[in-house]
Amino acid sequence: MPVLGGFHHVRLPVSDVGKSLEWYTRVLRLEVSIEFIEDGVLRAVALIDANRTLTLALREDPQRAAGLAGFNALSFGVPTMQALRVWAGHLDALGVEHSGIAEGSTGWLIGGIIDPDDMEIRLFTHERRP
């Protein structure tokens, strides 16, 4: 039987690649992996985390980006509650609004992180509550 081995990448539509690139690198600490230049203009970018475990591609497409406004399309995993506390401190230091740490269905989470296109991002622990 064929098997899947996780995600290769997730692609999000954004209204402004430069603005989203700045936000995702500053707030989520992602790094540029690949830039896609079309007719001399940056139209997309692939971002990767420091551990090289996830790739997020941002593609300029304002109409589709508008359709995700207010929606929680992305939820990133963090290993532990302690790691989630570090993320809360990082977000606070940047002045990025968020929900604070809350109980999720199995672990803990931070919600209410809003990207430049008004899409909500959440951070969930892989660690489970007792």
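Each remark here, short or long, concerns the structure printed above.
These numbers were taken from a predicted model, which means no experiment stands behind them.

### Some points on empty space enclosed by the protein
Argument step 1. What the rule picks out here adds up to one cavity of 30 Å³ or more.
Argument step 2. If you add up the space inside the largest cavity, you get close to 40 Å³.
Argument step 3. As for the largest cavity, its lining consists of Leu12, Pro13, Val14, Ala65, Leu68, Asp115, Asp117 and Met119.
Argument step 4. Here the lining of the largest cavity gets three residues from one element, more than from any other, and that element is strand β1 (residues 10-14).
Argument step 5. Of the residues assigned to the lining of the largest cavity, the class counts are six nonpolar, no polar and two charged.

### Observations regarding the pairing of strand β2 (residues 31-38)
The side chains of a regular strand alternate, residue by residue, between the two faces of the sheet.
Argument step 1. Pairing of β2 with strand β3 (residues 41-48) involves seven bridges; the strand directions are antiparallel. Among the inter-strand pairings, phenylalanine 36 is bridged to a residue of β3, identified as alanine 44.
Argument step 2. Taking the residues between adjacent antiparallel strands as the criterion, β2 and β3 are bridged by two residues, where aspartate 39 takes a positive phi near 50 degrees.

The rules behind the values
Residues numbered from 1 in each chain as written. Predicted model: local features only at pLDDT ≥ 70, side-chain atom pairs only at ≥ 80, totals over all residues. Heavy atoms only, no water. 1 Å grid on protein atoms, 1.4 Å probe; cavity = no way out; pocket = protein on both sides within 12 Å on 5 of 7 lines; lining within 4 Å. Points joined across faces, edges and corners; volume = space filled by probe spheres on them. Helix = DSSP H or I, 4+ residues; strand = E, 2+ residues; numbered from the N terminus. Nonpolar A, V, L, I, M, F, W, Y, C, P; charged D, E, K, R; others polar. Pairing = 2+ DSSP bridges.

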